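Summary of the model geometry
If you want the building blocks of each chain, they are given just below.
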Amino acid sequence: MKYTKDNIRKYLINYHNLNERITPSEIVPLLFKKFGCIQYDPLNITGRNADLVLQSRVQNYRPSILDNLLYSERKLIDGWDKMMSIYPVTDWPLFTRMRIHKERETKGALEWRKSLYVLEKIGDVIEHLNKNGESKPADIDLGNLDPGKWGHRRESTAVLDYLFHTGKAAVARKNGTQKSFDLAERLLPAGILKTKDPFPDDAAYHRWLVLRRVSSVGILWNRNSVLWQNIGDDLKNRSYRQKLIDDLIKEKKLTTVNIEDITEPFYIKNCDTKILKSAADISLNGNMRFIAPLDNLIWDRDMIEQLFGFNYRWEVYMPAAKREYGYYVLPILYNDKFAGRLEPVADRKNSTLIIKNFWKEPEVKWTKKMYAAMDRELKNFAGFLGLNYIS
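For the structure given in this document, a descriptive report is provided here. (Residues numbered from 1 in each chain as written. Predicted model: local features only at pLDDT ≥ 70, side-chain atom pairs only at ≥ 80, totals over all residues. Heavy atoms only, no water.)

Things to note about the overall build of the chain
As a reminder of what qualifies: Note on conventions: DSSP H or I runs of at least 4 residues are helices, E runs of at least 2 residues are strands, and numbering of each starts at the N terminus. The globule rule used here is 2.2 Å times the number of residues to the 0.38 power, and the radius of gyration it is set against is calculated over C-alpha atoms. Throughout this description, buried means an accessible area under 20% of the type-specific maximum (1.4 Å probe, protein chains only), exposed means over 50%, and partly exposed covers the range between. Any two residues whose heavy atoms approach within 4.5 Å are treated as being in contact.
A tally of regular secondary structure across the chain gives 14 helices and 14 strands. On C-alpha atoms alone, the chain measures out to a radius of gyration of 22 Å, which is about the 21 Å that the 2.2 N^0.38 rule sets for 391 residues. Principal axes of the C-alpha set define a box for the chain whose edges measure 60 × 60 × 40 Å. Relative to its full complement of 391 residues, the chain shows a buried share of 53%. A separation threshold of at least 6 residues defines the contact pool for the chain, and within that pool the share at least 24 residues apart is 63%.

Here we look at the side chain of Asp300
Applicable threshold: Polar contact is the term for a pair of N or O atoms within 3.5 Å; when the atoms are in protein, one must be able to donate a hydrogen and the other to accept it, and sequence-neighboring residues count only if both atoms are side-chain atoms.
Following the sequence through the fold, Asp300 ends up in the loop between strand 10 (288-290) and helix 13 (301-308). Among the polar contacts listed, one links the side chain of Asp300 to the side chain of Trp221, at a separation of 2.9 Å. A polar contact is formed between the side chain of Asp300 and the backbone nitrogen of Met303, at a distance of 3.0 Å. If we skip the residues at most four places from it in the chain, Asp300 touches Leu220, Trp221, Ser225 and Leu227.

Let's talk about the pairing of strand 12 (residues 337-347)
Threshold: Strand pairing follows a simple DSSP-based rule, namely that at least 2 bridges must link the two strands.
With 8 of 11 residues buried, strand 12 is to be regarded as a mostly interior element. Here strand 11 (residues 330-334) runs beside strand 12; their pairing, made up of 5 bridges, is antiparallel. Across the sheet, the residue bridging to Tyr334 is Lys337, located in strand 12. Between strand 11 and strand 12, which pair antiparallel in sequence order, lie 2 residues; one of them, Asn335, sits at a positive phi of approximately 50°. Where strand 12 lies against strand 13 (residues 352-360), 8 bridges are found, and the strand directions are antiparallel. Bridge pairing in strand 13 places Leu342 opposite Phe358. Hairpin geometry of strand 12 and strand 13 is characterised by an intervening segment of 4 residues between the two adjacent antiparallel strands and by a positive phi of about 50° at Ser351.

A short note on the sheet that holds strand 8 (residues 254-259)
Spatial ordering of the open sheet is given by 1-8-9-7, a layout of 4 strands whose pairing is mixed. Each of the sheet's edge strands pairs with one partner strand only, and the pair in question is strand 1 (2-3) and strand 7 (220-221). Where strand 7 lies against strand 9 (residues 262-269), 2 bridges are found, and the strand directions are antiparallel. Bridge pairing in strand 9 links Leu220 to Tyr267.

Regarding the packing of aromatic side chains
What counts, and what does not: Aromatic pairing here means that ring centres of Phe, Tyr or Trp (its six-membered ring) are within 6.5 Å. Orientation follows from the plane angle: under 30 degrees is stacked, over 60 is edge-to-face, and everything else is tilted.
Enumeration over the complete set of coordinates arrives at 20 aromatic pairs. Ring geometry for Phe199 versus Tyr205: centroids 5.7 Å apart, planes at 55°, classification tilted. Relative accessible area serves as the criterion here: at 12%, Phe199 is assigned to the buried category. When its relative accessible area of 4% is taken as the criterion, Tyr205 is described as buried. Ring centres of Phe308 and Phe338 lie 5.1 Å apart, and the angle between their planes is 65°; this geometry places the pair in the edge-to-face category. A residue pair is termed long-range when its members are at least 10 positions apart, and Phe308 in helix 13 and Phe338 in strand 12 qualify at 30 residues. The residues Phe308 and Phe338 share a single accessibility class, namely buried. An aromatic cluster of at least three residues, connected via ring pairs, comprises Tyr87, Phe95, Phe199, Tyr205 and Trp208.

These results come straight from atomic positions and should not be treated as a statement about function.
Shown next, in the form of structure tokens:
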């Protein structure tokens, strides 16, 4: 059976809870159960990426909700998954091999920066954490480094980064972009720390990662993309991934989906096929959402261009002269179509949400209902940011 792009778009909007917002109590058991992780990025122009992902899906969302889940209830944890991410603390044992990979990678980066010697001071940092508990890098005076273009400026930052990636330390709290760390044994339940790697070999671990990526997005093809970067060299290989996908199909965990006008096969979790088959009957409610630049829905930009006819590139790291749109631009989703782009800026001094730029997609004809939906969503977005005015 072939599905239309309309079917797939409706399925994705429903899968991603972008048609109706959920309650805050459903964030972990519903969203994170499906997505596995949400990508973390520290930039905060009008909200951090993880908060932007949640505000588009959760009723009356405020950043304090995520901070509470991370640093008070500790149901979630900062870790490495799809780049730097946030995932359920119960997934910690599943990433044992990821932490081994990140240890090798972090050592390699330190060696390349001629800073490998800082690891001789691991004992000093662990002793400090044992004695003082939660600490920022600035609280541990070991000396300074030549940072180069991307490196750390403090020796303590480099050591804490290594301890974080190897799982010996964890993020205890964030204050803006500044992280505080503590020993993982103080922050994670003992039962989780004692749970061994459940995978008998790398192939089993890789099959799980492929299944996790499909679940994170809802449907995927086997194209090379950022989804397979920085998690080990094996998964960069398309042929190897296809073998894993074929194994998962034999295990009845994945199934193949064909889409009209696209020659490439797609893959979906078997348990989600019922939702896909009923996608044509899904009623869209005229809702508008502002989508985060690193939202799970748009992780694979080429796939989104094929399915939605929407070309989106995050231009935040481009020189200003080369940007087609703006510095921090959010796609505008209306029902199951991307209708435009928004460049909002939070003027916190004057408690005002400033709409710096707004672009309509050329092929989309905006209606009164769409403008009304945008007014509603702007008010919701301003509330999420704690701002009183829109300009």
